[in-house]
Amino acid sequence: MAQIGTFTRSEDGSFVGTIRTLNINIKATIKPAAKENERAPDFRVTANGVELGAAWSKAAKDSGAEYLSLKLDDPSFTAPVYASLVQGDNGEHKLIWSR
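Residues numbered from 1 in each chain as written. Predicted model: local features only at pLDDT ≥ 70, side-chain atom pairs only at ≥ 80, totals over all residues. Heavy atoms only, no water.

Here's the deal with the sheet that holds strand β6 (residues 66–72)
Then step 1. One closed barrel accounts for eight strands, arranged β1-β2-β3-β4-β5-β6-β7-β8; its pairing is antiparallel. Each adjacent strand pair in this sheet contributes to an overall mean axis angle of 30°, direction not counted.
Then step 2. Taken together, the four bridges between strand β3 (residues 25–32) and strand β4 (residues 43–47) define a ladder with antiparallel strand orientation. Residue pairing in the sheet places Pro32 in a bridge with Phe43 of β4. (Pairing = 2+ DSSP bridges. Helix = DSSP H or I, 4+ residues; strand = E, 2+ residues; numbered from the N terminus. Axes fitted to C-alpha atoms, helices over the stretch in contact; angles between N-to-C directions.)

Set out below in structure tokens:
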């Protein structure tokens, strides 16, 4: 697992930061979304005004620590990218990629 982004949480509950991989380096925002049904995402991920993905609030089974489970997708990707946004040190949140 590798860290592909760093975010900070705003007072309104959104997260602002950067996603960096070998092919992309973009500023992104993860904003709370109105839930249309129980399976709808809790957050929407946008970059440059374009929706890049969605996130769901989760809690770790062992510790109960809260995190966001993200699915990022774009026509330039060969497949969707799955990641977790977890709280790190000093109030930052780390975007950890997994396959």
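A word on the pattern of salt bridges
Then step 1. Evaluated as defined, the whole model comprises two salt bridges.
Then step 2. Of the charged contacts, one joins Asp42 and Lys35 as a salt bridge, the two residues approaching to 3.1 Å between their closest N and O atoms.
Then step 3. A salt bridge links Arg44 to Glu51, with the nearest nitrogen and oxygen atoms 3.1 Å apart. (Salt bridge = Lys/Arg side-chain N within 4 Å of Asp/Glu carboxyl O.)

Structural notes on unusual backbone geometry
Then step 1. Here the phi dihedral of Asn48 falls at roughly 55°; this positive angle occurs in a residue that is not glycine.
Then step 2. Note that Asn48 resides in the loop between β4 and β5 (50–59).
Then step 3. Under the relative-accessibility criterion, Asn48 is labelled exposed at 72%.
Then step 4. Residues other than glycine seldom take positive phi values, yet Asn90 does so here, at roughly 60°.
Then step 5. The topology assignment puts Asn90 in the loop between β7 (81–87) and β8 (92–98). (Buried < 20%, exposed > 50% of the residue type's maximum accessible area, 1.4 Å probe, protein only.)

Here's the deal with the environment of Lys27
Then step 1. For Lys27, the position within the fold is in strand β3.
Then step 2. The exposure class of Lys27 is exposed, given its relative accessible area of 68%.
Then step 3. Sequence separation between Lys27 and Asn48 is 21 residues, and the spatial gap between their C-alpha atoms is 7.6 Å.
Then step 4. Those residues in contact with Lys27 that lie beyond four places of it in its chain are Gly17, Thr18, Thr46, Ala47 and Asn48. (Contact = heavy atoms within 4.5 Å.)

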